Amino acid sequence: MSDTKIIKLSWIFFMIYLVNSSPPEDPIKCSYKTNFNCTITNSYGAFPDRAICKAAQAIYPTTEDELISIVANATREKRKMKIATRFSHSIPKLVCLDDENGLLISTKVLNKIIRVDQENMSITVESGVTLRQLINEAGKAGLVLPYTPYWWGLTIGGLIATGAHGSSLWGRGSSVHDYIVQLRIVTPAEAANNYAKVRILENGSSELNAVRVSLGVLGVVSQVTLKLERVFKRSITLSERDDSNLGEDAATFGRQHEFADFTWYPSQRKVVYRIDDRVPANTPGNALNDFLGFRSTPSLVLAILRTTEESQELTNDASGKCSSAKLTTSTLKIGAYGLTNNGFAFTGYPVVGFHNRVQASGTCLDSLEDARITACPWDHRVKGLFFHQTTFSISLSKVKGFIEDVQRLVVLEPRALCVLDLYNGILMRYVTTSNAYLGKQEDALDFDISYYRSKDPMSPRLFEDFLEEVEQLAFFKYGALPHWGKNRNVAFIGAINRYKNVDKFLKVKQTYDQLGLFSSEWTNQVLGLKDGLTIVKEGCALEGLCICSEDIHCAPKKGYFCRPGRIYKDASVCTRLSSR
């Protein structure tokens, strides 16, 4: 049976057998029946440099008072601390401790809704509350958070710490941290203050602008109050077009539609435009968003899909990848990407429904069934998706040039970016200028790119050079800002210098945590306080630990050598010579 037929059957099975799955496991693992001798990973099971992150102990506070006591005791002992979340979706090593004697503070059970204020249209939650909890509880009171990420499985503390966002240029913009009206954070303190201090920050505070996107280096956020709106309805139409006008449209489309975004399939020269706006509350429709990629999937199907992709990589089967990609995108299109008009069936566009039913999804988190049967597609306990993720924001004034450069690369080798279509293309979302010191510096378009990652860190990828050139084009030619919760090491090289208020952020950091107890080597490197962000060794460019400068940084024994980019000659990429 051909690879394409196998994938076709797998996708049919996938569409028929969409059942509940096992929720992700706790990312923290400790010695049997204790909270000592622990390790932590992310939901994908691997950090960019395959680091094994250890801690002496993990603690799960249930109240702010417990949290204060934990921080005070650790400060008294000058013990390093890191904050862990329920699902741990950050790709970089933000949660890793330098010191194996360090302490992990998990917000897993710091997850209560404190207050929903209907009169003032706000909600106060503990930092471990998930986005799904917040949406549901606000919805019961007829309120909504206007812009959010599309994935339910994030905690409020985690998503604001990394600057997570939805898509909009309207109102305050799409970044959740810009809707904070009050925040409580527990930080280390001097002995005279009992070694811990609760700082209550109100909207308008310069210190709040530091904490809005904190990378977890300022302390532990205990509570957050967010500004909400009255519930409203949206009308959504997903329109597939060729990508010939994408460069022009990218700079203007976000001003035309409040929830506009794009899903771009560069190798197919197609793009899906999201035409998405508010409509009157009496507009008929009770739509539901249950995105196909966030539903549970039979583990057998995941294994077949992954095995097929690994086989295509091993045999350099570019045509097979492109066939698989077309099947994937057509399946998503037929399934309306998981949108239904009434919660059960898709009958056509526009899809109209209440905002809280369409703004995010993630039903693969739902049940208690065995992960060996069904799972979220990227659950590392099964053989499923394993990928790199490169995510960045480019100023609207520069975005046309970047898109056109990517299109020029596709012209040189139309099959090169088929791998992106296997992961539902490039998601492009709008973000606005933020007051957060480490937030967006100007109105921009965010590009979210996922692509195949080998289980073997020394194994190159098919068309590796094209994806590395896209990455380097974004960050070094167009001055993109990295998403703090995603990316490979190379994305953060020199990135901190693009933030005009970084000195203000570092001043608050010094005030809140003079001993650097919440910092690590990784965060100090990202913040420009320490060298070593680039890890130079054999094969380092394959995993994005370095930009190649010598052939040995690639995989010369497998035919991959360090060469300049095709259109961006300042790029240095790992090229399979027989492909040129």
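Let us look at the structure shown here. What you are looking at is a predicted structure, and each value in this text was computed from that prediction instead of being measured.

1. Quick look at unusual backbone geometry
No. 1: Omega for the peptide link from Tyr 349 to Pro 350 comes to 0°, which places this bond in the cis form.
No. 2: Inspection of the secondary structure puts Pro 350 in the loop between β18 (339-340) and β19 (351-354).
No. 3: Phi is positive for Lys 33, which is not a glycine, with a value near 60°.
No. 4: Mapped onto the elements, Lys 33 comes out in the loop between β1 (28-29) and β2 (36-40).
No. 5: Positive phi outside glycine occurs at Phe 463, with the angle close to 55°.
No. 6: Residue placement: Phe 463 occurs in the loop between β23 (444-452) and α13 (464-477).
No. 7: For Phe 463, a relative accessible area of 12% puts it in the buried group.

2. Some thoughts on the sheet that holds β1
No. 1: With mixed pairing, the five strands of this open sheet are ordered in space as β1-β2-β3-β5-β4. Since the sheet does not close on itself, it has two edges, and those belong to β1 and β4 (81-84), each with one partner.
No. 2: As defined by bridge partners, β2 adjoins strand β3 (residues 53-59) across four bridges and the pair is classed as antiparallel. When the sheet's bridge partners are listed, Ile 40 is paired in β3 with Cys 53.
No. 3: Packed onto the sheet, helix α2 (residues 64-76) meets β3, β4 and β5 (103-106) and runs at close to 170° relative to β5.

3. Some details on the packing of helix α11 (residues 399-412) against α13
No. 1: Interhelical geometry of α11 versus α13 gives an angle of 160° and a closest axis separation of 11 Å. Looking at the two axes, α11 sits roughly antiparallel to α13. Remark: the crossing between α11 and α13 carries right-handed chirality. Across the interface between the two elements, Phe 402, Asp 405, Val 406 and Leu 409 from α11 touch Phe 466, Glu 469, Val 470, Leu 473, Ala 474 and Lys 477 from α13.
No. 2: A per-class count over the contact of α11 with α13 returns seven nonpolar, no polar and three charged.

4. Overview of the environment of Gly 485
No. 1: Counting through the fold element by element, Gly 485 comes out in the loop between β24 (481-482) and α14 (502-512).
No. 2: Judged by relative accessible area, which is 4%, Gly 485 ranks as buried.
No. 3: Distance in space between the C-alpha atoms of Gly 485 and Leu 527 is 14 Å, their sequence separation being 42 residues.
No. 4: Setting aside residues no more than four positions away along its own chain, Gly 485 makes contact with His 89, Ser 90, Ile 91, Pro 92 and Thr 162.

5. Digging into the packing of aromatic side chains
No. 1: Scanning all chains against the criterion turns up 23 aromatic pairs.
No. 2: Note on Phe 253 and Phe 262: the rings are 5.1 Å apart at their centroids and 35° apart in plane angle, and the pair reads as tilted. Across the pair, exposure class does not vary: Phe 253 and Phe 262 are buried alike.
No. 3: Members of the aromatic cluster, each reached through a chain of ring pairs, are Phe 392, Phe 402, Phe 447, Phe 475 and Tyr 478.
No. 4: The ring of Phe 354 carries the charged tip of Lys 233 above its face, separated from the ring centre by 4.8 Å.
No. 5: When the ring centre of Phe 232 is taken as origin, the NZ or CZ atom of Arg 278, which lies over that ring, is 3.8 Å away.

Here is what the cut-offs are and how they apply
Residues numbered from 1 in each chain as written. Predicted model: local features only at pLDDT ≥ 70, side-chain atom pairs only at ≥ 80, totals over all residues. Heavy atoms only, no water. Helix = DSSP H or I, 4+ residues; strand = E, 2+ residues; numbered from the N terminus. Buried < 20%, exposed > 50% of the residue type's maximum accessible area, 1.4 Å probe, protein only. Pairing = 2+ DSSP bridges. Contact = heavy atoms within 4.5 Å. Axes fitted to C-alpha atoms, helices over the stretch in contact; angles between N-to-C directions. Parallel < 35°, antiparallel > 145°, perpendicular 65-115°, else oblique. Left-handed = near helix turned anticlockwise from the far one by under 90°. Nonpolar A, V, L, I, M, F, W, Y, C, P; charged D, E, K, R; others polar. Phe/Tyr/Trp six-rings, centres within 6.5 Å; stacked < 30°, edge-to-face > 60°. Lys NZ or Arg CZ within 6 Å of the ring centre and 35° of its normal.

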